[in-house]
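# Structure assessment
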Amino acid sequence: MLKNDDLVYAFTLTPKDAVKFFRSKGYVIGWNWQDVAAETHAQAFTVAKAARVDILETLGKELDKAIATGTTSHEFVKTLTPRLQKLGWWGKQVIVDSKGEAEMVQLGSPWRLKNIYRINTQTAYQAGRIQQQTAMAESRPYWMYVAVMDENTRASHAALHNKVFHYTDPIWNTHYPANGWGCRCRVRALSLRRLQSLGLQVESSEGRLSTHTVESGFDKRSGEVYTHQVTTFTQGGQSMTPDAGWNHRPGKPQLKQFNKDVIKKEKRLVNSPREKMPGLAIKAPAPFSTVKGVSGDQVNRVLNELGTGQSQKLFNDFLAAHPIKSVMAKATELSGKKALQNRDMQTRVADYLSVQPQEAFRQYAYSTRASVSRTNGYTRASNDLVMVKVAANTNLAKVEADKIKQATNMVLEAAAKNSGPRRIYAPDTDVNRTSTPGDYINRYWSLSDAAGQKSPEQIVTTWIHEVGHQVHYWAGSPSFPALSRVSVLTEYSRTNKYEWFAEHFTAWYIDPIGVRKWNPKAADFIEATMKEAIENSNPTLKGR
């Protein structure tokens, strides 16, 4: 079970804006982290005591890859260790700095690489989040500070939990997370409707922010004391001050340019009201997988080739509100004795989810009595994680979006003409398959089955289906009010309200126009459910 909603914002998520932010960084060399100004940290990639450009470039290129593809810290450390050892940047060494002074320092180590990975992926991700939230500010202008609120949460960070400020409030220039080493806080953007439903009030930081100088360490060689400016937010008897060096907004210089681009785009749309809005770039979080042919880039490629502007926009908004993570793994890694004994898999997924190995296994393992061989994918309302079964030779680069579109069109046409290959007993008054007399309908079994059994197209279709379950959960698991024997798209969608929604959601994302043509009420219901899921920020309201 996901113990806290905040943990879903782990640092391996890869929105396109995060990748863009990290790639926009130059290289700045600093002996101690305090040598580089806070504003420069927001603009440049730097690692203390990495006093050579080739070392910075090696670290930077691997971090770029990690952010873009979802590489875990375990893989990051494993890849970089031999390369940095070859470059001589490893272990404790006596190093002479640019001033000619020698010092025994710790260079590369597994612990340090994990720290470099975590801090830089976190910063890039948060910068990407700011850009996404700023782009949605017209509809969600209220930003709520969210702390994890567990035993490891600092009291000062907990003091800001659930406080809401307008996105233009000055507090976000200094207090947008992360606000210190190991900070797991985040910000959620709210609409007026969601703000009111949560019973929250918009506050102002006016008169509550004060900037002062603090000591952040000293140079062991020269005795020089390092200082940083920090800004404190005070309310009543509580206060919150970011750690020294964290008193800046992630990606602030890049955000200014991004805001200019957003304004230009809005002006273009206003001046060209008849212009068709293009489909948005889907930014689904990169999945975890041990299979080389599975990558977030390929999943996003297919998602961007499917759908239309409307379905992609709502899908993107949902992923921005609830960044659903994915484990795409082999059957032996998901279920049975082999999965239970696979400690390496548990550790790596735990790293990906930012939870303990035992908790990670409980989240991703297939725990029902039936064999995992009988399912293509699964998910649970208790966490924001979907599992999809893949084979060792799966290669998502081979997925053809047109095949998925053709299969979906075939299923929709069969439902409209009642001409599917499977004859199903489904009397008009019976959606639960009881024994009352009635008519038969003809449908395909499922959309993923129609996409091609054991094909790469089936894997992507299954993933969309499982995300559909998460949409349904976050909306409170509503039932389609106009359910009847003719309103089921596939035989599988007759199983229960959960499978009805997931199947119809999958078809709607791939071909929203086709779904609306076949069943306008179903299309309206899916879109309304999507919007409700996007608005819901309380995990306790997730449907079961």
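Residues numbered from 1 in each chain as written. Predicted model: local features only at pLDDT ≥ 70, side-chain atom pairs only at ≥ 80, totals over all residues. Heavy atoms only, no water.

### Remarks on the overall build of the protein chain
For clarity, the threshold we go by: The way it works is that DSSP assigns letters per residue, a run of H or I at least four long becomes a helix, a run of E at least two long becomes a strand, and they are numbered from the N terminus. Here a residue-residue contact requires only that any non-hydrogen atoms of the pair lie within 4.5 Å. Per-residue and other accessible areas were derived by the Shrake-Rupley procedure at a 1.4 Å probe size, with only the shown protein chains allowed to occlude residues.
A count of helical and extended segments in the protein chain gives 21 helices and 16 strands. A fraction of 68% describes how many contacts in the protein chain between residues 6 or more apart in sequence connect residues 24 or more apart. Of the roughly 24500 Å² that the protein chain leaves accessible, carbon and sulfur atoms contribute 50%.

### So, the environment of Ser493
Note the following rule: Two N or O atoms count as a polar contact when they lie within 3.5 Å, although within protein this holds only if one can serve as hydrogen donor and the other as acceptor, and sequence-adjacent residues are included solely when both atoms are side-chain atoms.
Among the structural elements, Ser493 can be located in the loop between α18 (456-474) and α19 (497-510). When the C-alpha positions of Ser493 and Glu503 are compared, they lie 5.9 Å apart, and in sequence the two are 10 residues distant. Setting aside residues no more than four positions away along its own chain, Ser493 makes contact with Val488, Glu499, Trp500, Glu503 and His504. In this structure the side chain of Ser493 is engaged in a polar contact, spanning 3.4 Å, whose partner is the backbone nitrogen of Leu489.

### Some remarks on the sheet that holds strand β12 (residues 325-329)
We count it as follows: Here a strand pair is declared whenever DSSP counts at least two bridges between the two strands. For helices, the fitted axis covers only the stretch in contact; all axes are lines through C-alpha atoms, and the angles between them, taken along N-to-C directions, range from 0 to 180 degrees.
One open sheet accounts for 3 strands, arranged β12-β14-β13; its pairing is mixed. A strand with exactly one partner marks an edge of an open sheet, and here the two such strands are β12 and β13 (377-379). Between one strand axis and the next, the sheet turns by 15° as a mean value, whatever way the strands run. The sheet contact formed by β12 and strand β14 (residues 385-389) spans 5 bridges and is parallel. Paired with Ser326 across the two strands is Val386, which belongs to β14. The strands that helix α15 (residues 357-364) touches are β12, β13 and β14; relative to β14, the one it contacts most, it runs at about 65°.

### Let's talk about the pattern of salt bridges
In plain terms, the rule: When a carboxyl oxygen of Asp or Glu lies within 4 Å of a side-chain nitrogen of Lys or Arg, that pair is called a salt bridge.
Here the structure, examined in full by the defined rule, presents 18 salt bridges. Here Arg208 makes a salt bridge to Glu203, at a shortest N to O gap of 3.3 Å. The structure contains a network of salt bridges with shared partners spanning Glu75, Asp344 and Arg348.

### Some remarks on the packing of helix α4 (residues 73-87) against helix α5 (residues 110-135)
Helix-helix packing is characterised by the crossing angle of the two axes and by the distance between the axes. The condition that has to hold: Relative orientations are named as follows: roughly parallel for angles under 35 degrees, roughly antiparallel for angles over 145 degrees, roughly perpendicular for angles from 65 to 115 degrees, and oblique for any other angle. Here a crossing is called left-handed whenever its near helix is offset anticlockwise from the far helix by less than a right angle, and right-handed whenever the offset is clockwise. Gly counts as polar in this scheme, as do all residues outside two lists: the nonpolar Ala, Val, Leu, Ile, Met, Phe, Trp, Tyr, Cys and Pro, and the charged Asp, Glu, Lys and Arg.
The geometry of α4 relative to α5 is characterised by a closest axis approach of 9 Å and an angle of 125° between their N-to-C directions. Classed by the angle they form, the pair α4 and α5 counts as oblique. Here the hand of the crossing between α4 and α5 comes out right-handed. Across the interface between the two elements, Ser73, Phe76, Val77, Leu80, Thr81 and Leu84 of α4 pack against Pro110, Leu113, Lys114 and Tyr117 of α5. Among the residues forming the contact of α4 with α5, the class breakdown is 7 nonpolar, 2 polar and 1 charged.

### A look at the packing of aromatic side chains
We apply this condition: Stacked, tilted and edge-to-face are the three classes applied to pairs of Phe, Tyr and Trp rings, where Trp contributes its six-membered ring and a pair requires centres within 6.5 Å; stacked means planes under 30 degrees apart, edge-to-face means over 60, and tilted covers the rest. Think of it in three bands: residues with accessible area under 20% of the maximum for their type are buried, residues over 50% are exposed, and the middle band is partly exposed, with areas taken using a 1.4 Å probe on protein chains only.
All chains considered together, the criterion is met by 20 aromatic pairs. When the centroid spacing of 6.0 Å and the interplanar angle of 65° are considered together, the rings of Trp172 and Tyr176 count as edge-to-face. Here the two residues Trp172 and Tyr176 agree in accessibility, since each one is buried. Seen in terms of ring centroids, Phe501 and Phe505 are 6.0 Å apart; in terms of plane orientation they differ by 20°. Their pairing is stacked. On the criterion of helical spacing, the pair formed by Phe501 and Phe505 is a turn pair, its members being 4 residues apart in helix α19. Here Phe501 and Phe505 have matching classes, each one buried. Counting every residue linked through ring pairs, the aromatic cluster contains Phe315, Trp463, Phe480, Trp500, Phe501, Phe505, Trp508, Tyr509 and Phe525.

### Describing α5
Keep this limit in mind: Expected helix span is computed as 1.5 Å times (number of residues minus one).
Between its first and last C-alpha, α5 extends 38 Å over 26 residues, near the 38 Å set by a 1.5 Å rise per residue. Along α5, 21 of the 26 residues are buried, which leaves the element largely enclosed by surrounding structure.

### A look at unusual backbone geometry
Ala178 follows Pro177 through a cis peptide bond whose omega is 5°. By the element assignment, Ala178 lies in the loop between α7 (172-175) and β7 (186-190). In the Ramachandran plot, Asn162 falls in the positive-phi region, its phi being about 70° despite a non-glycine side chain. With respect to the helices, strands and loops of the structure, Asn162 is situated in the loop between α6 (155-158) and β6 (164-166). On the accessibility criterion, Asn162 (35% relative accessible area) is partly exposed.

### Concerning the confidence of the model for the protein chain
The criterion, for reference: Confidence of the prediction at every residue is given by pLDDT, a number between 0 and 100.
Looking at the protein chain, the pLDDT average stands at 77 and 74% of residues meet or exceed 70. Counting contacts from residues 25-51, a segment whose pLDDT is below 50, to residues more than four positions away or on other chains yields 96 contacts. Below pLDDT 50 for its whole length, residues 253-280 participates in 26 contacts with residues either more than four positions away or in separate chains.

### Points about the sheet that holds β6
Paired through their backbone hydrogen bonds, the strands of a sheet run either parallel or antiparallel. Strands sit in the order β7-β5-β6-β8 across an open sheet of 4 strands; the sheet is mixed. Among the strands making up the open sheet, the edge pair consists of β7 and β8 (202-203). The pairing of β6 with β8 spans 2 bridges and is parallel. If you follow Val164 over to β8, its bridge partner there is Val202. Running over the sheet, α5 touches β5 (142-146) and β7 and is turned about 10° from β7.

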